[in-house]
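Geometric and topological summary
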Amino acid sequence: MSKRMGAQTVSLPSRPGVLAFASIVGQKESEGPYGGKFDRIIEDEMNGQKSFEAAERAMLEDAVRLCVSKAGRQLSDVQLLLAGDLLNQIISAGFAARSLAIPFYGLYGACSTISESLSIGGMLADGGFADVLVCATCSHFCTAERQYRTPLELGTQRTPTAQWTVTGSGAVMLAGGAAAKSCAAVLTHATCGKVLDLGITDANNMGAAMAPAACDTIAAHFADTGRGFDDFDLVVTGDLGHLGRDLLIELLREKGVKVPEEKLFDCGCEIFSPRQDTHSGGSGCGCAASMICAHILPELEAGHLNRVLFLATGALLSPTTTMQGESIPGVAHAVALEHRKAGA
Amino acid sequence: METKSHNRAQQIERYAGLVARLAPKSDMAKGVVRAFLVGGLICTLGQGITDFFAYKMEFGTQAASTATSICLIFLSALLTGLGVYDRIGKFAGAGSIVPITGFANSVVAPAMEFRREGLVMGVGAKLFTLAGPVLVYGIGSSVIVGLIAFFMEVM
């Protein structure tokens, strides 16, 4: 029996479960509105390492270890690690996997990586290809600035649409088969996004570059499953930021989708408070990953949220394409998550 | 095919309009005032240093202006190293980029940034990633202007 629903969605009938999750963030993120909810704070941006890149991968590694220990398991119990990050050749994920010694598939979806890995992880668990696996990702303000923008000490002004790369990491342990029966939060559907580009060339305006992809994936999920905003407690986007969220609302309305704005929760808008002066909000792989691990998944487990559509958005650019004047392709992958009552 | 590309162009134009309508704008007036104040302050400081060397130390005007550049570059490098100059830049924008201190900042910042990649391929290769274009086109245009001046004198 085919598990495909419509053009872009698959159903996960065995309901892979969320066994455990862990988040680690930096100092600035810990001073935001959700600061008290993260599992661990890194006070020193070097994280006790000799470079920012080493600091980032140590954070990813620690998030995975923490997630595994919160589940009461050993690293050797984990059959697969699906991870990726923003750095060239996804070095944070690859290097962390070297120390963790878990069989590893590296993924790249820019900031959409956490929902990309949850989609693929959910399908692998549902298909019986893995019983216990971990999806993880990370980003670090200092490594992202170095790679995409200018040296940290350069005295420049950020534009009003610029977003602040989150220093943070999130790891989610998924279970399939019998191990999933005890989970209070489960995956029900995954929608694979198309890459969309509406001609934004400003690398300091990621929200505008990614909003069309988010709109398209939400519309595709609704069309494929016959659901709408009414069926969800929240639609959680990754890091559209303030402008990107406004654009998403506008684009959805143009498509004829009624948008109850209070149901649209953007991790990039929420992770920092306005007085933290991040301009359009947070971004980076670690933004959505740490926020779902600190806030959304706990609320789902507790039953405060019953059904959530989570889609992280990614801008698939590189410094080379920016310099060559290319526009920025965006992508968004969605997973539908539900609370499951004990014994159900 | 033609209508398809036409549709795409229309779509892009429409979206650009939407983004322009919703995007927050830079506060131009505030930016200009801050740039004027900080830039003016840096230049006043430079003039003070020049006068000090020219009159107090009796360097002569040419040597005094060289000594001023040295002092300003040193100050800017020091403030960059202490992590202060980027904060000034955040406040002042072009006010702290345009004077010679901004140029020094744009050389010291990559030097600090790429130290971990080694002295040769890190600092050595990346030192002028930001200042390089200014040097290339600054020196390039000075050659052209020099040639024009030379031929005007000859004629």
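Just so you know, these numbers come straight off a predicted model, no measurement behind them. Within each chain, residues carry numbers counting from 1 in the order of the written sequence. The naming scheme follows written order: chains are lettered A onward, ligands numbered 1 onward. Local features in this predicted model are restricted to residues of pLDDT 70 or higher, and side-chain atom pairs are both shown and tallied only at a pLDDT of 80 or more, whereas totals for entire chains, interfaces and linings draw on every residue. Heavy atoms throughout the structure, all of them, feed into the side-chain values; hydrogens and water do not.

1. A closer look at the overall build of chain B
A tally of helices and strands in chain B yields eight helices and zero strands. Reading chain B from its N terminus to its C terminus gives the helix and strand order α-α-α-α-α-α-α-α. Burial classes follow relative accessibility: with a 1.4 Å probe on protein chains only, a residue under 20% of its type's maximum area counts as buried, one over 50% as exposed, and anything between as partly exposed. With 155 residues in all, chain B has 27% of them scored as buried. All accessibility values rest on the Shrake-Rupley procedure with a 1.4 Å probe; residue burial counts only the protein chains present in the view. Accessible surface, chain B as shown: approximately 10600 Å² in total, 71% of it carbon and sulfur. Positive and negative charge centroids in chain B, built from 13 and 9 side chains respectively, lie 13 Å apart. To qualify as a helix, a DSSP run of H or I must reach at least 4 residues; to qualify as a strand, a run of E must reach at least 2; elements of each kind are numbered from the N terminus. Asp and Glu count as negative and Lys and Arg as positive, but His and the ends of the chain are not part of the count. For the purpose of locating charges, the reference atoms are NZ of Lys, CZ of Arg, CG of Asp and CD of Glu.

2. Thoughts on the environment of L124 of chain A
Residues and elements named next belong to chain A. Secondary-structure assignment places L124 in helix α4 (residues 113-126). Taking the C-alpha atoms as reference points, L124 and K50, separated by 74 residues in sequence, lie 37 Å from one another. Whether two residues are in contact is decided by their heavy atoms, any of which lying within 4.5 Å being enough. Ignoring sequence-local partners within four residues, the contact set of L124 consists of L80, L82, F129, A130 and L133.

3. Considering the packing of α4 of chain A against helix α9 (residues 285-302) of chain A
What describes two packed helices is the angle between their axes and the distance between those same axes. Residue and element names in this part refer to chain A. Every axis in this analysis is a line fitted to C-alpha atoms, fitted for helices over the stretch in contact. Angles between the N-to-C directions lie between 0 and 180 degrees. The N-to-C vectors of α4 and α9 enclose an angle of 60°; their axes lie 8 Å apart at closest approach. Judged on the interaxial angle alone, α9 and α4 are oblique. For the pair formed by α4 and α9, the contact residues are T113, I114 and L118 on the first element and C285, A288, A289 and I292 on the second. The class makeup of the residues in the contact of α4 with α9 is six nonpolar, one polar and no charged. The cut-offs work like this: below 35 degrees is roughly parallel, past 145 is roughly antiparallel, 65 to 115 is roughly perpendicular, and the gaps in between are oblique. Under this grouping Gly is polar, as are all residues other than the nonpolar Ala, Val, Leu, Ile, Met, Phe, Trp, Tyr, Cys and Pro and the charged Asp, Glu, Lys and Arg.

4. Re the pairing of strand β14 (residues 307-315) of chain A
Walk down a regular strand and you will see the side chains alternate between the two sheet faces. All names here are of chain A. In terms of residue burial, β14 counts as a mostly covered element, since eight of its nine residues are buried. Here, any two strands with at least 2 DSSP bridges between them count as paired. As paired elements, strand β11 (residues 234-237) and β14 share four bridges and run parallel to each other. Counterpart to V235 in the pairing with β14 is L309. Strand direction decides the pairing type here: β14 and strand β15 (residues 330-339), joined by nine bridges, are antiparallel. Within the sheet, the bridge partner assigned to F310 lies in β15 and is V335.

5. What to know about the packing of aromatic side chains
Pairing of aromatic rings covers Phe, Tyr and the six-membered ring of Trp, with a centre-to-centre limit of 6.5 Å; geometry is then stacked below 30 degrees between planes, edge-to-face above 60, and tilted otherwise. Scanning the model with the defined rule gives seven aromatic pairs over all chains in all. Ring centres of F222 of chain A and F232 of chain A lie 6.2 Å apart, and the angle between their planes is 25°; on these two criteria the pair is classed as stacked. Highlighted residues: F222 of chain A in helix α6 (residues 206-225) and F232 of chain A in the loop between α6 and β11, separated in sequence by ten residues. Judged by its relative accessible area of 8%, F222 of chain A is buried. Ring plane angle 70° and centroid distance 5.4 Å describe the contact between F52 of chain B and F53 of chain B, whose orientation is recorded as edge-to-face. Ring pairs connect the aromatic residues F222, F229 and F232 of chain A, which therefore count as one cluster. Its guanidinium or amino end placed over the ring of F114 of chain B, K126 of chain B lies 5.1 Å from that ring's centre, counting from NZ or CZ. Two conditions define a charge located above a ring, namely a distance within 6 Å from the ring centre to NZ of Lys or CZ of Arg, and an angle within 35 degrees of the ring normal.

6. A look at unusual backbone geometry
Residues and elements named next belong to chain A. At R15, a position not held by glycine, the phi torsion is positive, near 55°. Inspection of the secondary structure puts R15 in the loop between β2 (9-11) and β3 (17-26). Taking the relative accessible area as the measure of exposure, R15 reaches 26% and is therefore partly exposed. Of note in this structure, A110 is not a glycine but carries a positive phi near 50°. Mapped onto the fold, A110 is located in the loop between β6 (104-106) and α4.

7. Here we look at the domain arrangement of chain A
Residues and elements named next belong to chain A. Domain segmentation is taken from an automatic or database assignment of domains. Its domain assignment divides chain A into domain 1 (4-178) and domain 2 (184-339). The interface of domain 1 with domain 2 comprises 59 residues on the first partner and 68 residues on the second. Counting each side, the surface lost to burial between domain 1 and domain 2 is near 4900 Å², with a carbon and sulfur contribution of 61%. The term buried area refers to how much accessible surface (probe radius 1.4 Å) is lost by two components on association, counted for both of them together. When the buried surface of domain 1 facing domain 2 is broken down by residue, Q8, Y34 and Q163 rank first, second and third, together holding 16% of it. Just to be clear on terms, a salt bridge is a Lys or Arg side-chain nitrogen sitting within 4 Å of an Asp or Glu carboxyl oxygen. Counting across the interface, domain 1 meets domain 2 through zero salt bridges. Think of a polar contact as two N or O atoms within 3.5 Å of one another; within protein, one of them needs to be a possible hydrogen donor and the other a possible acceptor, and neighboring residues in sequence only count if both atoms come from side chains. Taken together, the links from domain 1 to domain 2 amount to 25 residue pairs in polar contact (both at pLDDT 80 or more). Of all the elements, α4 adds the most residues to the side of domain 1 that touches domain 2, at seven residues. Taken together, the residues of the side of domain 1 that touches domain 2 break down into 27 nonpolar, 23 polar and nine charged.

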